[in-house]
2 protein chains.
Amino acid sequence: MTGRARIPRPAVQRLSMYLRELERREAAGESTVSSSGLGAACGVTGAQVRKDLGSLGRTGRPGIGYGVHELARSIRSAIGVHRSWRAALVGAGNIGRALAAYGRFQDEGFEIAAAFDRAPGVVGRRVAGMMVEPMDSLPKAIRERGIDIGIIAVPTEAAQGVAEVLVAAGVRGILNFAATRLHVAGEVPIVDVDFRAALERLALEVSERSARPERGGRSTPGARARRLS
Amino acid sequence: MTGRARIPRPAVQRLSMYLRELERREAAGESTVSSSGLGAACGVTGAQVRKDLGSLGRTGRPGIGYGVHELARSIRSAIGVHRSWRAALVGAGNIGRALAAYGRFQDEGFEIAAAFDRAPGVVGRRVAGMMVEPMDSLPKAIRERGIDIGIIAVPTEAAQGVAEVLVAAGVRGILNFAATRLHVAGEVPIVDVDFRAALERLALEVSERSARPERGGRSTPGARARRLS
DNA sequence: CGGTGTGAATCTGTTCACAGCC
DNA sequence: GGCTGTGAACAGATTCACACCG
């Protein structure tokens, strides 16, 4: 029942990275990490790592570092992945199938518990061992199967409508793969995964690099390793 | 030959959003937008929009707004999408196929010009009308077909190796769909698209919402519409 | 020593408010 | 009146530097 200080937004992304690195190290049998070691692997400074970890209940021991397992658990708990989330996938097209096929989500605290599609040709087929259901049965399924979040993987034009249905059915969050901004009633958080925006970010980054042919004396601090999800 | 002031990182993502909205409006026949109109559609304030547009060569007219077409072009040019980029897709599995199938990239300034895979069973098959080639032919293809960027859509374990091959072959940027951090030589920018990190961000957002049951008097400013790609 | 935790200083981005133009 | 462009105030995040612990 700690007051749980709010985590700075940019830190959240980094925590995900740390977590991934920690799991790798845990699998490799390492039992402690230093902030600078962890930072090096993730492309940030040790000071940054320490600050980030400071926003959650810290566990580091001076002279030693952090316990890998302990820290991983602490991060999971901070970002809310200590419990498991149940997700409904809407849209069993290409992206939808790709997501369903990536079976590892379950280990990572996310379970795709249902899949829906509008097209009669797709409904009733199996996708990664899961039966695709018609859109009509979505609201009832959401409520009865205790689904927390909706994943939108339908074409752009259909996304807004799906979002409204999901919210009306009571999901508590939406992961949106459609390249459009969704407007929904209430306070339901939405996270967009936008391939095109990612490509555009990359395009800019590439343009800037080649435009500036390694300026003057020292290299720009932090020039290497700028990364966003 | 303008000195082209550097665009603040967070602004880049917003510019992508604006661009999408502008294209929608252009298609709808609108010819001008106000900063606040554009902002409302994208979930940011008018002042923010104006500041963002200020970093590129501005074109707004007081009392009127911005020319939709003109502004779209200006944004494209600022983020480097005025010219077209040629991309190589590595990995023709689920995500790879999903990307290839999303045919609209070409309209948006990105052309998937080649696809590669390691698995003999996949090589030689067609994916979205494109022949999948073996990894061996990657370096030569990159050079000969003037490919700018590589898209990594292979399993986690293989990603690092692929990244090195791509960089050695001379790509100028990498879009990485594998859930691992890549370390490459030189200054090649990398943008990660990490589904799991996105889910984790959503998990945190949902947890925070339900933890705080609508505190006190006024709602937190900017509580609605927080969004990241 | 090696390494954490943290206040203080700095930097970066956002919001405000208003002068000026249509 | 409506709307842009921008300096000035503000808020937030990162970096620095150092006290303190094992």
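Shown above is the structure to which this text applies.
Definitions and limits used
Residues numbered from 1 in each chain as written. Chains lettered and ligands numbered in written order. Predicted model: local features only at pLDDT ≥ 70, side-chain atom pairs only at ≥ 80, totals over all residues. Heavy atoms only, no water. Helix = DSSP H or I, 4+ residues; strand = E, 2+ residues; numbered from the N terminus. Contact = heavy atoms within 4.5 Å. Lys, Arg positive; Asp, Glu negative; His and termini not counted. Charge placed at Lys NZ, Arg CZ, Asp CG, Glu CD. Near = heavy atom within 4 Å. Polar contact = N/O pair within 3.5 Å; in protein donor to acceptor, adjacent residues only side chain to side chain. Nonpolar A, V, L, I, M, F, W, Y, C, P; charged D, E, K, R; others polar. Least-squares fit on C-alpha atoms with pLDDT ≥ 70 in both. Phe/Tyr/Trp six-rings, centres within 6.5 Å; stacked < 30°, edge-to-face > 60°. Buried < 20%, exposed > 50% of the residue type's maximum accessible area, 1.4 Å probe, protein only. Lys NZ or Arg CZ within 6 Å of the ring centre and 35° of its normal. Buried area = accessible area lost by both parts, 1.4 Å probe. Salt bridge = Lys/Arg side-chain N within 4 Å of Asp/Glu carboxyl O.

Asks: I'd like a rundown of the overall build of chain A, residues and numbers included.
Replies: When you go through chain A residue by residue, the secondary structure sums to eight helices and nine strands. Its C-alpha atoms put chain A at 60 × 50 × 35 Å along the principal axes. Residue pairs at least 24 apart in sequence account for 55% of intrachain contacts in chain A once pairs closer than 6 positions are excluded. For chain A, the distance from the average position of its 34 positive side-chain charges to the average position of its 23 negative side-chain charges is 6 Å.

Asks: Can you explain the protein's contact with DNA strand C? Please cite residues and give values.
Replies: Taken together, the neighbourhood of DNA strand C is formed by 20 residues, with A:Ser35, A:Arg50, A:Arg58, A:Tyr66 and B:Arg14 sitting nearest. Taking the atoms of DNA strand C that fall within 4 Å of the protein, sugar and phosphate contribute 64% of them. The separation between a sugar or linking oxygen of DNA strand C and a polar main-chain atom of A:Gly63 is 3.2 Å. Residue B:Arg14 places a side-chain N or O atom 2.8 Å away from a phosphate oxygen belonging to DNA strand C. Within the residue set of the surface near DNA strand C, elements represented by two or more residues are helix H3 (46-55) of chain A together with helix H1 (9-27) and helix H3 (46-54) of chain B. Residues belonging to the surface near DNA strand C are distributed by class as follows: six nonpolar, six polar and eight charged.

Asks: Let's hear about the relation of the copies chain B and chain A: which residues, and what values?
Replies: Least-squares fitting of chain B to chain A yields an RMSD of 0.0 Å, with the superposition described by an axial translation of 0.0 Å and a rotation of 180 degrees. Seen this way, the second copy is the image of the first under a two-fold rotation axis. A share of 99% of interface residues in chain B that are also interface residues in chain A marks the association as one of identical surfaces.

Asks: An account of the packing of aromatic side chains is needed here, citing residue identities and associated values.
Replies: Taken as a whole and assessed by the stated rule, the structure comprises six aromatic pairs over all chains. Relative to A:Phe105, the ring of A:Tyr102 has its centre 4.6 Å away and its plane inclined at 80 degrees; by these criteria the two rings are edge-to-face. The class for A:Tyr102 is partly exposed, based on a relative accessible area of 26%. Through a chain of ring-to-ring contacts, the aromatic side chains of A:Phe177, A:Phe195, B:Phe177 and B:Phe195 assemble into a single cluster. When the ring centre of A:Trp85 is taken as origin, the NZ or CZ atom of A:Arg83, which lies over that ring, is 4.0 Å away.

Asks: Provide a residue-level description of the protein's contact with DNA strand D, including the pertinent values.
Replies: Among the 21 residues in the neighbourhood of DNA strand D, the closest are listed as A:Arg14, B:Ser35, B:Arg50, B:Arg58 and B:Tyr66. Among all atoms of DNA strand D positioned within 4 Å of the protein, those belonging to sugar or phosphate total 65%. At 3.0 Å, a side-chain N or O of A:Lys51 approaches a base oxygen of DNA strand D. Listing elements by their share of the surface near DNA strand D, those giving two or more residues are helix H1 (9-27) and H3 of chain A together with H3 of chain B. Taken together, the residues of the surface near DNA strand D break down into six nonpolar, seven polar and eight charged.

Asks: Can you lay out the interface of chain B and chain A for me, pointing to particular residues and giving the numbers?
Replies: Every contact between the two is made by 73 residues of chain B and, on the other side, 72 residues of chain A. Around 7000 Å² of area is buried between chain B and chain A when both sides are counted, 57% of it from carbon and sulfur atoms. For the pair chain B and chain A, the number of links is 14 salt bridges. Linking B:Glu187 and A:Arg209 is a salt bridge whose minimum nitrogen-to-oxygen distance equals 3.2 Å. At the junction of chain B and chain A, the tally comes to 22 residue pairs in polar contact (both at pLDDT 80 or more). Those elements that provide at least two residues to the side of chain B that touches chain A are H1, helix H2 (35-42), helix H4 (68-79), helix H5 (94-101), helix H7 (156-169), strand E8 (173-176), strand E9 (190-192) and helix H8 (195-211) of chain B. It is H8(B) that provides the largest number of residues to the side of chain B that touches chain A, a total of 16 residues. Classifying every residue of the side of chain B that touches chain A by side-chain character gives 38 nonpolar, 12 polar and 23 charged.

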